[in-house]
Amino acid sequence: MSTMLEVSGVSHRYGTGAKAHTAVNDLSFTVEAGQLASIVGPSGCGKSTLLRCIAGLTPPTEGQVSLHGDRVDGVPDDLAVVFQDYSRSLFPWLSVQKNVEFPLRWRSLSRAERRTRAAEALEQVGLSGVGGKYPWQLSGGMQQRVSIARALASRPALLLMDEPFASVDAQTRFELEDLTRRVQREQGSTILVVTHDIDESVYLSDRVLVLSKSPASIVADLPVELPAERDQITTRESAEFVTLRGEVARLLHGGTAAPEAATAASDAAEWELAEQAKDVTETKTGS
Ligand SMILES: Nc1ncnc2c1ncn2[C@@H]1O[C@H](COP(=O)(O)OP(=O)(O)OP(=O)(O)O)[C@@H](O)[C@H]1O
Ligand SMILES: [Mg+2]
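Small disclaimer: the values here were computed from a predicted structure and weren't measured.

K.L.:
Tell me about the nonpolar core, residues and numbers included.
P.N.:
Counting 65 residues, the largest nonpolar core has I54, A149, L160, L192 and V248 as its most contacted members. The element that contributes the greatest number of residues to this core is helix α5 (residues 140–153), accounting for six residues. Not counting chain neighbours up to four residues away, the residues in contact with L160 comprise L51, I54, A55, L79, V81 and L192.

Structure, rendered in structure tokens:
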């Protein structure tokens with residue numbers, strides 16, 4: 001296996017002097033080609049900042065990022081990002097087909113090739129036939145599929161996803177998780193997903209990177225040794241799955257569950273994460 005992504009000593013600070021805020025602190029890790037890794041961490045710990053540094057959207061204050069050996073300095077051509085907020089990431093005045101084709105405009109592809117690629121990507125996400133509609137004519141889950149199709153159409157070497165399923169219902173979320181795993185297998189894609197959902201981080205990936213509270217640093221790097229063929233019901237019931245989610249929860253709990261920290265947590269998402277971690281540990285210990 002070859003290394004697709006190398007993050008070395010990346011730190012990011014917003015602002016300067018007394019107002020400086022360190023969002024990411026000296027992070028190093030690599031992701032091998034074909035791997036699906038997830039990053040889980042408390043709200044505000046610096047996950048999106050890290051993804052922006054990896055995507056070349058924000059230069060890190062220190063350290064460097066390399067994609068298949070080339071230093072990232074600006075957004076690489078063969079990298080695509082799926083953002084959390086699909087409603088703001090699609091152009092309402094363009095049809096679904098045109099939205100998916102959009103990033104291909106800057107490639108040396110003919111119009112016919114762009115059209116074919118977009119149609120293929122839409123088919124991959126189960127949306128053949130809706131190319132002529134507008135995003136606002138689709139449900140939230142379908143819109144998020146369109147953003148995934150748009151990312152896939154450029155056949156990226158690395159696909160970054162920032163809480164991609166956070167705003168869809170539970171059933172759609174399951175479908176999109178399975179879709180992501182299928183794409184990884186069928187295309188051999190390398191994928192890095194940020195999520196705040198402990199179960200999702202385990203179900204989706206080959207590996208879970210657990211981040212600490214702000215500024216983000218790596219608390220643990222856990223291999224997920226579940227079978228490649230996963231099923232939303234049986235996998236989640238398996239002993240290996242339950243053990244792993246307990247482990248991730250405990251690691252996150254360690255970082256967020258001090259009583260004063262929990263009460264002081266004004267951010268609802270951070271509170272939710274602490275609660276989730278507690279639920280998982282309680283189910284595990286039967287308390
Ligand atoms: N453009 C910015 N300018 C100044 N501070 C910022 C900026 N963007 C983020 N921050 C701060 O950096 C920290 C990390 O933010 P970031 O968005 O990376 O966290 P996150 O882990 O993605 O959070 P969430 O789970 O809520 O999405 C936060 O304290 C945030 O307020
Ligand atoms: Mg974020």
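K.L.:
Help me get a handle on the sheet that holds strand β9 (residues 207–211), residues and values and all.
P.N.:
Strand order in the open sheet made by the six strands is β6-β7-β8-β3-β9-β10, with mixed pairing throughout. The open sheet terminates on both sides in strands that have one partner only, identified here as β6 (79–82) and β10 (218–223). On average, each strand axis in the sheet is inclined to that of its neighbour by 15°, with strand direction left out of account. Relative to strand β7 (residues 158–162), β6 runs parallel, the two sharing four bridges. Paired with V81 across the bridge in β7 is L160. Set on the sheet, α5 makes contact with β6 and β7; between it and β6 the angle comes to about 175°.

K.L.:
Give a description of unusual backbone geometry that names residues and reports values.
P.N.:
Following S214, the chain continues to P215 via a peptide bond in cis, the omega torsion being -10°. The residue D26 is not glycine, and still its phi comes out positive at about 50°. Checked against the element boundaries, D26 lands in strand β2 (residues 21–32). D26 gets classed as partly exposed once you count the C-beta atoms within 10 Å, which come to 15. Unusually for a residue other than glycine, E163 sits at a positive phi of about 45°. Topologically, E163 is positioned in the loop between β7 and α6 (170–187). The exposure class assigned to E163 is buried, which follows from the 21 C-beta atoms found within 10 Å.

Calculation criteria
- Residues numbered from 1 in each chain as written.
- Chains lettered and ligands numbered in written order.
- Predicted model: local features only at pLDDT ≥ 70, side-chain atom pairs only at ≥ 80, totals over all residues.
- Core = buried A, V, L, I, M, F, W, Y, C linked by C-beta atoms within 7 Å.
- Buried ≥ 20, exposed ≤ 12 C-beta atoms within 10 Å, placed from the backbone.
- Helix = DSSP H or I, 4+ residues; strand = E, 2+ residues; numbered from the N terminus.
- Contact = placed C-beta atoms within 7 Å.
- Pairing = 2+ DSSP bridges.
- Axes fitted to C-alpha atoms, helices over the stretch in contact; angles between N-to-C directions.

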